[in-house]
Amino acid sequence: MKRAIYPGSFDPITFGHLDIIKRASGLCDELIIGVLNNKQKNPLFSTTERVNMIRELTENLGNVSVESFEGLTVDFARAKNAQVIIRGLRAVTDFENEIQLAQSNKVQYPEIETLFMTTSLQYSYLSSTVAKEFASYGGDISLFVPSEIIPLIERKFQDKEK
Ligand code: ADP
């Protein structure tokens, strides 16, 4: 039984994340998406909102579940009895930070393997930050995030203007 976690901020989830989720869910028996409740960052969406959005968008994937977590990814992996951490790689700029994280996690929890999945070409430029930047100026984000969550993002920026 191979259980993997896919941790991240997902603020908000993009087509890039969803692509990794779909592909990773085919590689393991169970995939737990870990939504980081990071108090240092000032997220656009609350942790509960992010969890709910991802649940709705992944309900067709039978072996995928979504949970929030606080603190270290390795502690979440250990608590969930996961053997694999999935991370996505877009460009060399991701690499330096990701290898450092993966190696620190390996030192802390030697049973864990970090598996890097390369982004699909059409999403290699895409990040939650890009989606938020476009949305903040009223731009078209239909190529960045699923249509279901576009109104939720737009509402956040409308509320900010008030
Ligand atoms: P974090 O704050 O942990 O970087 P993110 O929500 O930004 O969280 O990303 C979660 C994971 O998804 C990271 O491994 C990131 O590299 C990966 N990821 C983000 N966008 C893409 C994309 N367009 N294609 C592939 N992987 C991606």
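Look a little higher up for the structure.
What counts, and where the lines are drawn
Residues numbered from 1 in each chain as written. Predicted model: local features only at pLDDT ≥ 70, side-chain atom pairs only at ≥ 80, totals over all residues. Heavy atoms only, no water. Helix = DSSP H or I, 4+ residues; strand = E, 2+ residues; numbered from the N terminus. Buried < 20%, exposed > 50% of the residue type's maximum accessible area, 1.4 Å probe, protein only. Contact = heavy atoms within 4.5 Å. Near = heavy atom within 4 Å. Polar contact = N/O pair within 3.5 Å; in protein donor to acceptor, adjacent residues only side chain to side chain. Areas by Shrake-Rupley, 256 points an atom, 1.4 Å probe, with all protein chains shown as cover. 1 Å grid on protein atoms, 1.4 Å probe; cavity = no way out; pocket = protein on both sides within 12 Å on 5 of 7 lines; lining within 4 Å. Sits in = over half its atoms within 2 Å of the grid points. Nonpolar A, V, L, I, M, F, W, Y, C, P; charged D, E, K, R; others polar.

1. Examining unusual backbone geometry
Argument step 1. Here Asp11 and Pro12 are connected by a cis peptide whose omega angle stands at -5°.
Argument step 2. Among the structural elements, Pro12 can be located in the loop between β1 (3-8) and α1 (15-25).
Argument step 3. Of note, the phi angle at Phe10 is positive, near 50°, even though the residue is not glycine.
Argument step 4. Residue placement: Phe10 occurs in the loop between β1 and α1.
Argument step 5. Overall, the relative accessible area of 3% leaves Phe10 in the buried class.

2. Comments concerning the environment of Lys106
Argument step 1. By the element assignment, Lys106 lies in helix α4 (residues 92-108).
Argument step 2. For the pair formed by Lys106 and Gln122, sequence separation is 16 residues and the distance between their alpha carbons is 31 Å.
Argument step 3. Once residues lying within four places of it in the same chain are set aside, the contact partners of Lys106 are Ile112 and Glu113.

3. Quick look at the site of the ligand
Argument step 1. The ligand sits among 15 residues. The nearest are Tyr6, Ser9, Phe10, Gly88 and Tyr123.
Argument step 2. Between an oxygen atom of the ligand and a side-chain N or O atom of Tyr6, the distance comes to 2.6 Å.
Argument step 3. A distance of 3.0 Å is found between a nitrogen atom of the ligand and a side-chain nitrogen or oxygen belonging to Thr119.
Argument step 4. Bound to the protein, the ligand loses 88% of the 550 Å² it would expose on its own.
Argument step 5. Taking a 2 Å distance to the grid points as the criterion, the majority of the atoms of the ligand fall inside the largest pocket.
Argument step 6. When residues of the shell around the ligand are traced back to their parent elements, those giving at least two are β1, α1 and β4 (84-89).
Argument step 7. Residues that form the shell around the ligand fall into these classes: six nonpolar, six polar and three charged.

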